[in-house]
Amino acid sequence: MVEMRKPIRIAEAVKRVMNEVVSIGTEVIDLEDAYGRVLAEPIIAKHDVPPFDRSPYDGFAIRAIDSAGATGDSRIAFNVVGEIGAGFVGERPIGEKEAYRIMTGAQMPDNADAVVMLEQTVETATGFTLRKPFEPGENISYQGEDCKKGEQLIEAGTLIHPGTIALLATFGYAQVKVARRPIAGILSTGTELLDVSDALVPGKIRNSNGPMIRAQLDRMGIAYRSYGMAADELDHCTTVVKKALEETDFLITTGGVSVGDYDYLPAIYERLGAKVLFNKVAMRPGSVTTVAILNGKLLFGLSGNPSACFTGFELFTRPAILQMMGDTTPYMPRMAATLGEDFTKPNPFTRFIRATWEFTPNGVVAVPAGFNKSNAVSSIARGNCLIVLPSGTRGYEAGDVVDILLLGSEQGVREWTL
Ligand code: AMP
Ligand code: MG
């Protein structure tokens, strides 16, 4: 008798996975290796930024009071007592009607409280004249205006991107505490599978899921051990899954989670004593996506169908990996878009459609990326988002406003909201 599985809502499935995620620990690494990692400590300003009052322009540092009353008809003359390039400091305080020539980024000399831009002056033999009064504080980049010492600037759990690197460098973090990265295991199951370099023979297909999953992990900077391909053979697959779980932090299998004669993953979970979190999700593609857990390690049983496999990774595996690393924004960003063409098929389950979004004169428009059945591989090669069509009896028409989930974005969002 075919096993009857009860589908659960996607939000519930996501929650069940995320509830099981335990963090993977931390390590200290060099700043130059930190791009793409998740901060395990907040960035606190170690000093003011800028660390001193400085000039934001190339010009002259003056005492504002000396410019009082200047007009086009009665220009005020200043004597220049020296020059301060970026990286240098003025040798002495300035006095009445004195000025330093000063360059962008250079520290303000003592007593100076305004900067006159070069363009606002006319040079003289001993300095320059100006034609308008300056306010105290005019054209000064103040100490601490960007960051105040002790202020928390970035919270732990934030992905380190190039801007974060700049901030870390500013405060002298030659090393930074980040989340360890989990090691993934990947196993492609299916007696029909050939390797990428094999010639096609009757009844067989090339393994596209294995390389795809590796690239999905690569995109996240996550290392993996590949356990290659395994024929649909219960004892052998059980052995490989067991070994893989011992050697990695979590395992992604593809294929074999359905109710067919050679779908052995359910039996493997049972043999190993893994707890199945769900084995049916109210979504297309990938309704058979299964997630189980054994000794705190997650087993992602993704469907063998390429579109389903891709989507299952993005919906369940990716946020779980990010949460293992303490990332506080593990979910794909969501946006509203106008559907660019009809999608008339009614959905018994929520449907994820690989699509391209684009900003047009009519706003954000999302167009499905072509053949979109769960077994499609062509559409996953196109597009930059997933259109989400909630379940229901009606189809959708061009012009309807729909939700899209953005693929491949560096920074995600805090909540799963669909
Ligand atoms: P399964 O999930 O094992 O029932 O497989 C569903 C469909 O996906 C079948 O048509 C398989 O041949 C195909 N399939 C399974 N594994 C892969 C793979 N690694 N690469 C490409 N197609 C696959
Ligand atoms: Mg199979």
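Every value quoted in this text rests on a predicted model; they were computed, and no experiment measured them.

Visitor: I would appreciate a short explanation of the site of ligand 1 in the present structure.
Guide: Near ligand 1 you find 15 residues, and of these E192, N207, S208, G256 and G304 are the closest. Note that a nitrogen atom of ligand 1 is positioned 3.3 Å from one of the backbone N or O atoms of N209. Between an oxygen atom of ligand 1 and a main-chain N or O atom of G304, the distance comes to 2.8 Å. Across the complex, the protein chains shield 77% of the 480 Å² of accessible surface that ligand 1 would expose by itself. Looking at side-chain class alone, the shell around ligand 1 contains two nonpolar, ten polar and three charged residues.

Visitor: How do you make sense of the layout of surface pockets when you look at a structure like this?
Guide: To locate leftover empty space, one rolls a probe as large as a water molecule over the atoms. Of the voids in this model, the largest pocket is the one considered here, and its volume is about 460 Å³. Lining of the largest pocket is provided by 27 residues; of these, G255, S303, G304, N305 and P306 occupy positions nearest its centre. Mapped by element, the contributors of at least two residues to the lining of the largest pocket are β13 (205–206) and α6 (306–324). For the lining of the largest pocket, the residue count by class is seven nonpolar, 15 polar and five charged. The space that makes up the second largest pocket amounts to roughly 300 Å³. Taken together, 18 residues make up the lining of the second largest pocket; nearest its centre are L159, R219, M220, S409 and E410. Those elements giving two or more residues to the lining of the second largest pocket turn out to be α3 (209–220) and α6. Residues belonging to the lining of the second largest pocket are distributed by class as follows: five nonpolar, seven polar and six charged.

Reading guide: rules and limits
Residues numbered from 1 in each chain as written. Chains lettered and ligands numbered in written order. Predicted model: local features only at pLDDT ≥ 70, side-chain atom pairs only at ≥ 80, totals over all residues. Heavy atoms only, no water. Near = heavy atom within 4 Å. Polar contact = N/O pair within 3.5 Å; in protein donor to acceptor, adjacent residues only side chain to side chain. Areas by Shrake-Rupley, 256 points an atom, 1.4 Å probe, with all protein chains shown as cover. Nonpolar A, V, L, I, M, F, W, Y, C, P; charged D, E, K, R; others polar. 1 Å grid on protein atoms, 1.4 Å probe; cavity = no way out; pocket = protein on both sides within 12 Å on 5 of 7 lines; lining within 4 Å. Points joined across faces, edges and corners; volume = space filled by probe spheres on them. Helix = DSSP H or I, 4+ residues; strand = E, 2+ residues; numbered from the N terminus.

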